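Below, each chain spelled out in residue letters.
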Amino acid sequence: MSSLNKNLLPQRVLLKVSGEALLGKKGYGIDFDVVNAIIEDIASVIRLGVEVCVVIGGGNIFRGLNAAGEGIDRVKGDYAGMLATVINAVVLNSVFQRYHIKSRVMSAIALPQVAETYVRDKALVYLNNKEVIIFAAGTGNPYFTTDTGAALRAVETHCDFMLKGTQVDGVYNSDPKKNPDAKRYDVLTYTEALSMGLNVMDATALSLARENNLPIIVFDVHQKGNFLKVVQGQGTFTKVVV
Ligand code: UDP
């Protein structure tokens, strides 16, 4: 089932939040006002009976590509980036528990003292039991991104769609923060997003979504209550489909 209208709720969705979104007003690390607001929004979606998976990025702490620019070995930098996502995931998990929401972290890199190692079939069991799963460490491989990890996990766990929470309310033809005439798309095809080089997700993530017919919804994660609205097909967003 893939729905994005008021009458038909999705059964399961994946929310991708970039590490940068957690920065809030801080230059580095985690702004807990932002984390609390995001968790409250997720809680309201769970209350509708929708199963939720979360993928969190690590850009608020470390990015392999930036470190490579400073002369750090790219592969090592990418592992550091993946570990940064685990830090965010562990914090998020702890906040979920403070809100009495059943959740667990599943990491693509084995870190047994810190998180359960990702096993797809176990993730399905937990999701069926209405637990929130936070998928950490991206794909577990260097040279990839958490956007690709998110598309991969969404496909593996049969999510109806993937929601990418960003700092703006959709995909624009140029940066709306710099260009007041920038135009927002309501709907885009994967191929348009790829060929126009629009700022949706990286090409690997988009190709995976296209091959598996996974709709992507891009929306503003910082507007309170927006996740709840968008899951119900309301509010402002861009939908990327076939
Ligand atoms: N990363 C990686 N493989 C993955 C996912 C992430 O190597 O499958 C590394 C990469 O260095 C990346 C960093 O982890 O820069 C943080 O992830 P990302 O940049 O996707 O985070 P976001 O932009 O969403 O905060």
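Scroll up for the structure.
Described below are features of the structure shown in this document. (Residues numbered from 1 in each chain as written. Predicted model: local features only at pLDDT ≥ 70, side-chain atom pairs only at ≥ 80, totals over all residues. Heavy atoms only, no water.)

## Some details on the overall build of the chain
Selection rule: Secondary structure elements follow DSSP: runs of H or I of four or more residues count as helices, runs of E of two or more count as strands, with numbering from the N terminus. C-alpha atoms define the radius of gyration, and 2.2 Å times the number of residues to the power 0.38 defines the globule rule. Note on classification: 1.4 Å probe, protein chains only; a residue is buried when its accessible area is under 20% of the maximum for its type, exposed when over 50%, partly exposed between these limits. We call two residues contacting when some pair of their heavy atoms lies within 4.5 Å.
Across its full length, the chain carries eight helices and eleven strands. On C-alpha atoms alone, the chain measures out to a radius of gyration of 17 Å, which is about the 18 Å that the 2.2 N^0.38 rule sets for 242 residues. If one aligns the C-alpha atoms of the chain with their principal axes, the spans along those axes are about 45 × 45 × 35 Å. Out of the 242 residues in the chain, the part that is buried amounts to 51%. Considering only contacts in the chain between residues 6 or more positions apart, those separated by 24 or more positions represent 71%.

## Re the pairing of strand E11 (residues 238-241)
Put simply, the rule reads: At least two bridges found by DSSP between two strands are what make those strands a pair.
Bridge count for strand E9 (residues 187-189) against E11 is three bridges, and the pairing is parallel. Bridge pairing in E11 links Leu188 to Val240.

## Observations regarding the environment of Ser207
Inspection of the secondary structure assignment puts Ser207 in helix H7 (residues 203-211). Once the C-alpha coordinates of Ser207 and Tyr190 are considered, the two residues, 17 residues apart in sequence, prove to be 7.5 Å apart.

## Some points on the site of the ligand
As a reminder, the rule being used: Only a single heavy atom is needed: when it lies within 4 Å of a molecule or strand, its residue is near that molecule or strand. By the criterion applied in these results, polar contacts are pairs of N or O atoms within 3.5 Å in which, for protein atoms, one can donate a hydrogen and the other can accept it, and in which residues neighboring in sequence qualify only through two side-chain atoms. Per-residue accessibility takes into account occlusion by the displayed protein chains alone, with areas from the Shrake-Rupley method and a 1.4 Å probe.
Around the ligand, 21 residues are found, and the nearest of them are Gly19, Arg63, Asp78, Thr139 and Thr146. Between the ligand and Lys16 there is a distance of 2.8 Å, counted from an oxygen atom to a side-chain nitrogen or oxygen. Between the ligand and the protein, one listed contact pairs an oxygen atom with a side-chain N or O atom of Thr139 at 2.7 Å. Summarising the interface, the protein chains cover 93% of the accessible area of the ligand, which totals 520 Å² for the free molecule. Per-element accounting of the shell around the ligand gives the leading share, three residues, to helix H3 (residues 74-98).

## Observations regarding unusual backbone geometry
Despite not being glycine, Lys130 shows a phi value in the positive range, around 70 degrees. Relative to the assigned elements, Lys130 resides in the loop between helix H4 (120-128) and strand E5 (132-136).

## A word on H4
Since the α-helix turns once every 3.6 residues, residues separated by three or four places project in the same direction. To keep things clear, this is the line we draw: An arc is given here, and it is the one of the directions from the helix axis to the C-beta atoms.
If you check which residues of H4 are buried, you get Ala123, Leu124, Tyr126 and Leu127. Seen end-on, H4 carries its buried residues on one side only, within an arc spanning 165 degrees. Check the buried side of H4 and you find it contacts strand E1 (12-17), strand E2 (51-56), strand E3 (103-107), strand E4 (116-117), E5 and helix H5 (146-156). One or two positions beyond H4, positive phi appears at Lys130, with a value near 70 degrees.

## A word on the packing of helix H1 (residues 32-47) against H3
Stated precisely, the cut-off is as follows: Convention adopted: a line fitted to C-alpha atoms gives each axis, helices being fitted over their contacting stretch, and angles between N-to-C directions are expressed from 0 to 180 degrees. Should an angle lie under 35 degrees it is considered roughly parallel, over 145 roughly antiparallel, and from 65 to 115 roughly perpendicular; all remaining angles are considered oblique. By the definition used in this description, the sense in which the near helix is turned from the far one sets the handedness, with an anticlockwise turn below a right angle giving left-handed and a clockwise turn giving right-handed.
Relative to each other, H1 and H3 sit at 60 degrees, their axes nearing to 10 Å. With respect to each other, H1 and H3 are oriented oblique. At the point where H1 passes H3, the crossing takes the right-handed sense. On H3, the residues that touch Phe32, Val35, Asn36, Ile39 and Ile42 of H1 are Val91, Leu92, Val95, Phe96 and Arg98.

## Considering the pattern of salt bridges
Quick reminder of the rule: Here, a salt bridge means any side-chain nitrogen of Lys or Arg that lies within 4 Å of a carboxyl oxygen of Asp or Glu.
In the structure shown here, the tally under the stated rule is 14 salt bridges. Note that Arg63 is salt-bridged to Glu20, the shortest N-O span being 2.6 Å. Taken as a pair, Arg63 in the loop between E2 and helix H2 (64-69) and Glu20 in the loop between E1 and H1 lie far apart in primary sequence, 43 residues in all. One salt bridge in this structure joins Arg104 and Glu116, with 2.8 Å as the shortest N-O distance. Taken together, the positions of Arg104 in strand E3 and Glu116 in strand E4 put the pair twelve residues apart, joining distant regions of the chain. What you see here is one network of salt bridges that share partners, running through Arg12, Glu51 and Lys130.

Note that every value here comes from positions in space, so none of it alone points to a role or purpose.
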